[in-house]
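# Coordinate inspection notes
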Amino acid sequence: MEKFIKLTSSVVPLPIENVDTDQIIPARFLKATNKDGFGDNLFADWRYNKDGSPKADFVLNNSTFSGSILVAGKNFGSGSSREHAAWAIDGYGFKVVVSSFFADIFQNNALNNGVLPVVVSADFLAEVFASVTADPKATLTIDLENQSVTNNATGKSETFVINAYKKECLLNGLDDIDYLLSKKTQIEAYESAR
Amino acid sequence: MKTLFDKIWDAHVVSTVEGGPTQLYIDRHFCHEVTSPQAFNGLRARGLKVFRPEQTTLTADHNTPTIDQDQPVKDPISKNQLDTFHQNASEFKLPLYFPLGHIKNGVVHIIGPENGFTHPGATIVCGDSHTSTHGAFGAIAFGIGTSEVEMVLATQCVLQSRAKTMRITFNGKLGAGVTAKDLALYMISKLTTGGATGYFVEYAGEAIRNLSMEERMTVCNLSIEMGARGGLIAPDQTTFDYVNGREFAPKGEEWETKLAYWKTLKTDEGATFDKELVFDAADIQPMITYGTNPGMGMGITEAIPTLDQIDEAGRISYQKSLEYMGFEAGEKLEGKAIDYVFLGSCTNGRIEDFRAFTAFVKGKKKADNVVAWLVPGSWMVEKQIREEGLYDILTEAGFALRQPGCSACLAMNDDKVPAGKYAVSTSNRNFEGRQGPGARTILAGPLVAAAAAVTGRITDPRV
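In this numbering scheme, every chain counts its residues from 1 along its sequence in written order. Lettering for chains starts from A, numbering for ligands starts from 1, and both go in the order in which the items are written. Only residues with pLDDT of 70 or above have their local features reported here, since the model is predicted, and side-chain atom pairs are shown and tallied only from 80 upward, although totals for entire chains, interfaces and linings are computed over all residues. Think of the side-chain values as coming from all heavy atoms in the structure, minus any hydrogens and water.

This part takes up the overall build of chain A. A count of helices and strands for chain A gives 8 helices and 7 strands. For this measure, only C-alpha atoms enter the radius of gyration; the expected value for a globule follows 2.2 Å times N^0.38, where N is the number of residues. In terms of overall size, chain A behaves like a compact globule, its C-alpha atoms giving a radius of gyration of 18 Å where 194 residues would be expected to give roughly 16 Å. With the principal axes as the frame, chain A shows a C-alpha extent of 60 × 45 × 25 Å. The buried share of chain A, taken over its 194 residues, is 58%. For chain A, the proportion of contacts with a sequence separation of at least 24, taken over those separated by at least 6, is 65%. Entry remark: accessible area of chain A is about 7,700 Å², with carbon and sulfur atoms responsible for 50%. The sign given to each residue is positive for Lys and Arg and negative for Asp and Glu; His and the chain ends receive no count. Where a charge lies is defined by one atom per residue type: Lys uses NZ, Arg uses CZ, Asp uses CG and Glu uses CD. Placing the 18 positive and 24 negative side-chain charges of chain A at their respective mean positions leaves the two points 2 Å apart. Helical segments are the DSSP runs of H or I of at least four residues, strand segments are the runs of E of at least two, and each set is numbered from the N terminus. Note on exposure labels: buried denotes an accessible area under 20% of the residue type's maximum, exposed denotes more than 50%, and partly exposed covers the range between, all computed with a 1.4 Å probe on protein chains only. Any two residues whose heavy atoms approach within 4.5 Å at even a single point are treated as in contact. For every accessible area listed, the method is Shrake-Rupley and the probe measures 1.4 Å; residues are considered covered only by the protein chains on display.

Here you go:
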């Protein structure tokens with residue numbers, strides 16, 4: 001997994017609430033047996049017409065907005081547990097998703113793929129949407145070490161929560177599986193003590 | 001004093017990471033073809049074996065056709081995924097593999113319990129959010145991502161932060177014509193689609209106790225639709241009677257030992273929850289959804305909320321949702337014409353759902369304007385439908401049965417509702433495009449689905 005330390009980037013705004021993983025990557029794209037290429041179908045039904053041409057009014061097709069931070073309305077990633085949603089977001093080139101609320105499984109899946117979910121207050125989120133509407137080049141800075149998120153257009157900053165273990169994993173690019181494999185003896189001891 | 005959740009969780013802690021999650025031991029892992037191939041690739045890349053092959057049960061269900069299952073799968077990409085699944089089960093020597101066509105094949109959350117793989121007190125995971133279904137037995141069961149599937153295959157453990165606990169109590173009795181699905185849709189409409197995020201929910205109260213195992217599975221299945229990690233119900237005689245005698249259930253002396261333990265699995269009096277909610281079962285009427293998430297539900301006789309009833313931050317999403325559905329704020333939906341009916345899925349594809357549907361349509365005829373897909377959750381359910389004579393009644397009423405699988409619930413196969421068409425579905429999600437690009441889903445229980453199938457309209461099954 002890639003390391004994540006600090007990032008400053010312009011953002012792609014998606015002010016929709018309850019964006020479920022069926023929107024992030026529709027089920028018909030889940031037939032693959034590897035993790036490649038999902039970025040092309042990120043938000044497929046919002047992004048493309050039936051004939052495959054881009055829908056002009058969708059934000060990913062609007063060259064005014066770009067960057068490696070996706071900013072979305074509350075309860076992002078609800079629904080299906082498909083990790084393909086995290087692969088699609090990562091594959092498209094987003095390293096961070098900012099929202100006021102995330103669904104549990106999506107949050108885990110994102111972290112397991114080096115995509116950082118950053119939870120901000122509803123007010124902070126509304127201000128980010130306002131900043132980017134006023135100036136599409138407005139940037140955010142995400143500093144994982146200090147657990148801070150800054151709206152550089154307003155200078156306002158918030159701290160975000162991440163558990164110490166997951167933070168270490170991201171800072172060092174380590175997977176959970178490395179940790180679990182190092183615990184084989186304890187697992188066997190647990191099994192025989194039952 | 002502990003809650004039921006605490007008791008099961010504590011019994012499965014292998015270690016706790018400092019400042020981080022718990023290393024939780026997993027008793028039963030269910031696995032399907034769609035969310036597992038990348039996990040097996042991960043094992044291969046690291047040169048790992050499956051740690052406990054007999055603790056993983058595999059079935060193909062999501063990406064499978066519901067007709068001509070004895071023929072080669074036509075879609076080459078789907079076929080490749082199914083072949084990969086087969087190859088992985090064989091290469092990693094997994095004995096409990098039930099491919100397409102196998103007598104034990106079916107929807108993962110249906111074949112698990114019916115074959116006796118699901119036990120009280122167990123920890124159960126699957127790369128599928130509706131794993132919460134198994135909580136009906138008094139188990140900690142939750143959906144995981146593919147990275148975690150790899151972890152379970154490699155170590156029989158996952159790293160999880162301990163969830164907060166919530167208890168939702170349903171006092172009183174459900175009215176006639178009101179099903180477990182209605183109870184769940186009512187609850188989700190009250191909590192919203194993110195209202196239980198971060199929680200494990202214990203369901204309690206008279207109305208829950210009175211539910212059969214099938215109905216309890218429907219309720220626990222839908223826990224995820226309000227964001228909960230999972231839901232669970234304390235095991236009781238209903239649970240023990242269901243599990244006893246099933247093929248993979250404990251037998252003989254082991255059964256007695258397990259049973260004695262299972263009887264201790266209930267929340268201690270005085271144990272506290274992080275959140276408690278109480279509802280009156282008598283307030284619930286048959287439910288339908290009107291929007292594009294399962295929290296957007298209402299009683300079948302009610303009207304869609306008007307814009308001023310929605311908080312400001314949510315109005316864009318709300319309008320987008322109604323526009324997609326082709327509905328107006330403030331509108332009533334009873335009597336509205338529909339095009340498709342889907343009976344099936346891990347939510348309502350069990351024998352009781354087919355019994356309820358069949359009892360309603362008996363002696364009536366399917367409406368001409370309705371395409372009805374009746375998809376049993378498993379071959380075992382299919383067999384019961386025939387043995388109990390339901391098949392003949394359904395045929396007489398103009399219905400046909402399809403073969404088991406997830407089918408139109410997520411429309412990975414050909415069972416897609418066409419764009420713009422309305423489907424009354426007993427499945428679990430009414431998300432945009434869930435049942436096919438542009439498809440408009442109205443979630444409901446098996447009785448509302450039956451009523452819609454014979455009238456061709458959204459119809460209250462009680463009248």
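Our next topic: the pairing of strand β15 (residues 340-343) of chain B. All names here are of chain B. Here β15 shows two buried faces, one formed by Y340 and F342 and the other by V341 and L343. One ladder, built from 4 bridges, connects β15 with strand β16 (residues 371-374); its direction is parallel. The partner of F342 across the bridge, within β16, is W373. By the bridge criterion, 3 bridges tie β15 to strand β17 (residues 422-425) in an arrangement that is parallel. Bridge pairing in β17 places F342 opposite S425. Strand pairing is assigned whenever DSSP identifies at least 2 bridges connecting the two strands.

On to the sheet that holds strand β8 (residues 157-160) of chain B, then. All names here are of chain B. In space, the 3 strands of this open sheet follow the order β1-β2-β8, with antiparallel pairing throughout. Because the sheet does not close on itself, it has two edges, and the strands there are β1 (13-16) and β8. Shown here is a sheet whose adjacent strand axes are inclined to one another by a mean of 25 degrees, direction ignored. With 3 bridges joining them, β1 and strand β2 (residues 22-25) adopt antiparallel strand pairing. What sits directly across from V13, in β2, is L24. What counts as an axis is a line fitted to C-alpha atoms, over the stretch in contact for a helix, and the angles between N-to-C directions run from 0 to 180 degrees.

Okay, the sheet that holds strand β5 (residues 139-143) of chain A next. All names here are of chain A. Taken in spatial order, the 7 strands of this open sheet run β4-β3-β2-β1-β5-β6-β7, and their pairing is mixed. Strand pairing shows two members of the sheet lacking a second neighbour, β4 (116-119) and β7 (156-159), which therefore form its edges. Strand-to-strand twist in this sheet, taken as the mean axis angle between neighbours without regard to direction, amounts to 25 degrees. Summarising the sheet, strand β2 (residues 69-72) and strand β3 (residues 96-99) pair through 3 bridges and their orientation is parallel. Its bridge partner being in β3, L70 is matched across the sheet by V97. Most of the contacts of helix α5 (residues 122-134) go to strand β6 (residues 148-151), to which it runs at about 40 degrees, and overall it touches β1 (6-14), β2, β3, β5, β6 and β7.

This part takes up the environment of V243 of chain B. Residues and elements named next belong to chain B. Locating V243 in the fold gives a position in helix α9 (residues 237-243). When the C-alpha atoms of V243 and P120 are compared, they prove to be 9.0 Å apart, with 123 residues separating the residues in sequence. Those residues in contact with V243, other than ones at most four positions away along the chain, are T118, H119, P120, F137, A249, W255 and W262.

Here the nonpolar core consists of buried residues drawn from Ala, Val, Leu, Ile, Met, Phe, Trp, Tyr and Cys, with membership extended through side-chain atoms lying within 4.5 Å. Grouped together as the largest cluster of nonpolar side chains are 105 residues, with contacts concentrated most on L14, F43, F76, V98, L116 and I142 of chain A together with F357 of chain B. Residue contributions to this core peak at 8 residues, all from helix α16 (residues 446-455) of chain B. Filtering out sequence-adjacent residues up to four positions away, V98 of chain A remains in contact with I69, L70, V71, A72, V118, V120, L125, L140 and I142 of chain A. In terms of nonpolar packing, the next biggest core, distinct from the first, is built from 89 residues, I177 of chain A together with F5, A163 and V201 of chain B among them.

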